[in-house]
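Residues per chain are reported as follows:
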Amino acid sequence: MESLSHILNHLGEEREQYFNAVSPPVIQSSNFVFPDLDTFRASFADELHSHTYTRGNNPTVEILRKKLAALEGTEDALVFSSGAAAIAAAVIGNVQAGDHVVCQEMAYSWTSALLRKFLARFGVEHTFVDGTDIENIRAAIRPNTRVLYLESPNTMTFECQDLAACAALAKEHGLVSMIDNSYSSPLYQNPAAFGIDIVLHSGTKYLNGHSDVVVGVLCASREMVQKIFTSELMTIGAALGPHDAALVIRGLRTLPLRVQRSSESAQMLIARLENHPKVERIWYPFHHSFPQRELAQRQMRGCGGLFSVQFRTDSMEKMEAFIHRLRRFLMAVSWGGHESLIIPTIGFYNIPGRPVPEAPWTFVRFYIGLEDADWLWEDLEQAMAVL
Ligand SMILES: *Cc1c(COP(=O)(O)O)cnc(C)c1O
């Protein structure tokens, strides 16, 4: 594999083509001129790798694609205007009416909606399984199964799937295996190395890392990328614009610095939380209490800045007061940026027309950003005093 430093700082950047500028230009153009008929014909013979039209390919976007493929160790990569678009393209590109998808049960909410609501309308069936045991996955496979969809770890309770075993099972049954690898980022887990066919990311999270772009990533073999490009990307057209691509290239420069900082701060806070009398339980793949810690440590090189905590308190009023007393953690969806965040389950209670969540109201998902960890701890400690 290419060195990380080379990928993030130089790969794909052909500076002599743009005045030797250090930073790649934003080629803000929808279409590209053909000087003669030979170039015209060559462009249409390979729209994915030529410069024809920006829905298909764009020079700034292409630099980003090369870096992402190298980061995941795949032959090629596509980028989309959201993680959800990348996920939908990967699944839709590998099924047709009458086919069946096996998906681990804790998938990201809109991935689950893609199977339950969207693809069900087009005659594609699915089964959700507890993917912590490979035997559940094996038992769910039918003669019409085409796709095995994984998300390991997920971003709420972090259940993992055994990637090597899943890839082998998929090969045995002729299934396309795919994984949402957003939690780990390419820094801490490379599923293609275990034989997984398609690696997906919400690049909105760690890859861009500054909470200012929504972007999706799909890494796979040249053949798979070409297939999804010609079909899903070009027909549905959820392309990433060049300006957003340039922002993601900039975000990638600091990927290792940001992810390591987020991870180290998370571990520091967990170490303090686990001894606090108001903490009932902690969810984190590398925590000593995590049931699949051994598997997580086998297939991940590190563990990021997301964890969940169940607090110990006797009333919803105290829990709400705790949430409102947190000043340095912002209450918001998403994660992977510079800012530390919380999603409190209690926020999903008492929403008209919404079922009561399965997780208890004492459960909070934390994301630790780039702030000073001691400064974050001060805030947590003062807020926990009301529990
Ligand atoms: C945010 C997220 C997505 C969706 O990505 P978007 O970029 O918001 O479309 C998918 N999977 C996971 C794990 C996520 O956190």
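This text goes with the structure placed above it.
Let me sum up the structure you'll find in this document. Because the structure is a prediction, the values reported are computed rather than measured.

### Notes on the overall build of the protein chain
Piece 1. A tally of helices and strands in the protein chain yields 14 helices and twelve strands.
Piece 2. Its C-alpha atoms give the protein chain a radius of gyration of 22 Å, near enough to 21 Å, the size a compact globule of 387 residues would have.
Piece 3. Its C-alpha atoms give the protein chain principal-axis dimensions of roughly 75 × 55 × 40 Å.
Piece 4. Considering the protein chain as a whole, with its 387 residues, one finds that 55% of them fall into the buried category.
Piece 5. Across the protein chain, every contact between residues at least 6 apart in sequence was considered, and the portion connecting residues at least 24 apart equals 71%.
Piece 6. Counting every atom, the protein chain has about 17,000 Å² of accessible surface; 54% of that belongs to carbon and sulfur.

### Digging into the packing of helix α10 (residues 242-253) against helix α11 (residues 255-273)
Piece 1. Contact geometry of α10 with α11 gives a least axis separation of 5 Å together with a crossing angle of 60 degrees. Viewed along their axes, α10 and α11 adopt a mutual orientation that is oblique. Taken together, the residues of α11 that come into contact with α10 (itself represented by G251, L252 and R253) are L255, P256 and R258.
Piece 2. Classifying every residue of the contact of α10 with α11 by side-chain character gives three nonpolar, one polar and two charged.

### What to know about the side chain of H276
Piece 1. Locating H276 in the fold gives a position in the loop between α11 and β8 (279-283).
Piece 2. On the basis of relative accessible area, H276 is assigned to the buried category, the value being 17%.
Piece 3. H276 has contacts with W377 and M384, leaving out every residue within four places of it along the chain.

### Some points on the site of the ligand
Piece 1. Residues in contact with the ligand amount to 15 residues; listed here are only the nearest, G83, A84, D180, T204 and K205.
Piece 2. One of the backbone N or O atoms of A84 is found 2.8 Å from an oxygen atom in the ligand.
Piece 3. At a separation of 2.6 Å, a nitrogen atom of the ligand approaches a polar side-chain atom of D180.
Piece 4. In isolation the ligand offers 380 Å² of accessible surface; the protein chains occlude 90% of this area.
Piece 5. A molecule is said to occupy a pocket when more than half its atoms come within 2 Å of that pocket's grid points, and by this definition the ligand occupies the largest pocket.
Piece 6. Its residues assigned to classes, the shell around the ligand shows six nonpolar, six polar and three charged.

### Here we look at the sheet that holds strand β12 (residues 363-367)
One key point about sheets: their strands pair by backbone hydrogen bonds, in either a parallel or an antiparallel sense.
Piece 1. Taken in spatial order, the five strands line up as β8-β9-β12-β11-β10 in an open sheet, and their pairing is mixed. Strand pairing shows two members of the sheet lacking a second neighbour, β8 and β10 (330-331), which therefore form its edges.
Piece 2. Relative to β12, strand β9 (residues 306-311) runs antiparallel, the two sharing five bridges. Each bridged residue has a counterpart across the sheet, and for V309 the counterpart in β12 is V364.
Piece 3. Where α11 meets the sheet, its contacts fall on β8, β9 and β12, and the angle it forms with β9 comes to roughly 15 degrees.

### Considering the packing of helix α4 (residues 83-92) against helix α5 (residues 109-118)
Piece 1. Close contact between α4 and α5 brings their axes to 10 Å; oriented N to C, the two are set at 50 degrees. Looking at the two axes, α4 sits oblique to α5. Between α4 and α5 lies a crossing whose hand is right-handed. Of α5, the residues touching α4 (which contributes I87, A88, V91 and I92) are T111, L114, L115 and F118.
Piece 2. Along the lines of polarity and charge, the residues of the contact of α4 with α5 split into seven nonpolar, one polar and no charged.

### Some points on the nonpolar core
Piece 1. Among the nonpolar cores identified, the biggest contains 86 residues, and L68, L273, F307, F311, F322 and F366 are the most heavily contacted of them.
Piece 2. For this core, the element with the most residues is helix α3 (residues 59-72), which contributes seven residues.
Piece 3. A domain split of this core shows at least three residues from each of domain 1 (4-253) and domain 2 (255-384).
Piece 4. In this structure, L273 is in contact with V279, I282, F307, V309, F311, W377, L380 and M384, ignoring residues within four places of it in sequence.

### A look at the layout of surface pockets
Piece 1. The space that makes up the largest pocket amounts to roughly 1,600 Å³.
Piece 2. Lining the largest pocket we find 44 residues, and of these A107, Y108, S109, M156 and R354 sit closest to its centre.
Piece 3. Elements supplying a minimum of two residues to the lining of the largest pocket: α4, α5 and β12.
Piece 4. Counting residues per element, the lining of the largest pocket draws most heavily on α5, which supplies six residues.
Piece 5. Class assignment for the residues of the lining of the largest pocket results in 23 nonpolar, twelve polar and nine charged.
Piece 6. Two domains each put at least three residues into the lining of the largest pocket: domain 1 (4-253) and domain 2 (255-384).
Piece 7. What the second largest pocket holds in volume is close to 260 Å³.
Piece 8. Here the residues of the lining of the second largest pocket sort into six nonpolar, four polar and three charged.

Here is what the cut-offs are and how they apply
- Residues numbered from 1 in each chain as written.
- Predicted model: local features only at pLDDT ≥ 70, side-chain atom pairs only at ≥ 80, totals over all residues.
- Heavy atoms only, no water.
- Helix = DSSP H or I, 4+ residues; strand = E, 2+ residues; numbered from the N terminus.
- Rg over C-alpha atoms; globule rule 2.2 N^0.38 Å.
- Buried < 20%, exposed > 50% of the residue type's maximum accessible area, 1.4 Å probe, protein only.
- Contact = heavy atoms within 4.5 Å.
- Areas by Shrake-Rupley, 256 points an atom, 1.4 Å probe, with all protein chains shown as cover.
- Axes fitted to C-alpha atoms, helices over the stretch in contact; angles between N-to-C directions.
- Parallel < 35°, antiparallel > 145°, perpendicular 65-115°, else oblique.
- Nonpolar A, V, L, I, M, F, W, Y, C, P; charged D, E, K, R; others polar.
- Near = heavy atom within 4 Å.
- Polar contact = N/O pair within 3.5 Å; in protein donor to acceptor, adjacent residues only side chain to side chain.
- 1 Å grid on protein atoms, 1.4 Å probe; cavity = no way out; pocket = protein on both sides within 12 Å on 5 of 7 lines; lining within 4 Å.
- Sits in = over half its atoms within 2 Å of the grid points.
- Pairing = 2+ DSSP bridges.
- Left-handed = near helix turned anticlockwise from the far one by under 90°.
- Core = buried A, V, L, I, M, F, W, Y, C linked by side-chain atoms within 4.5 Å.
- Domains from an automatic or database assignment.
- Points joined across faces, edges and corners; volume = space filled by probe spheres on them.

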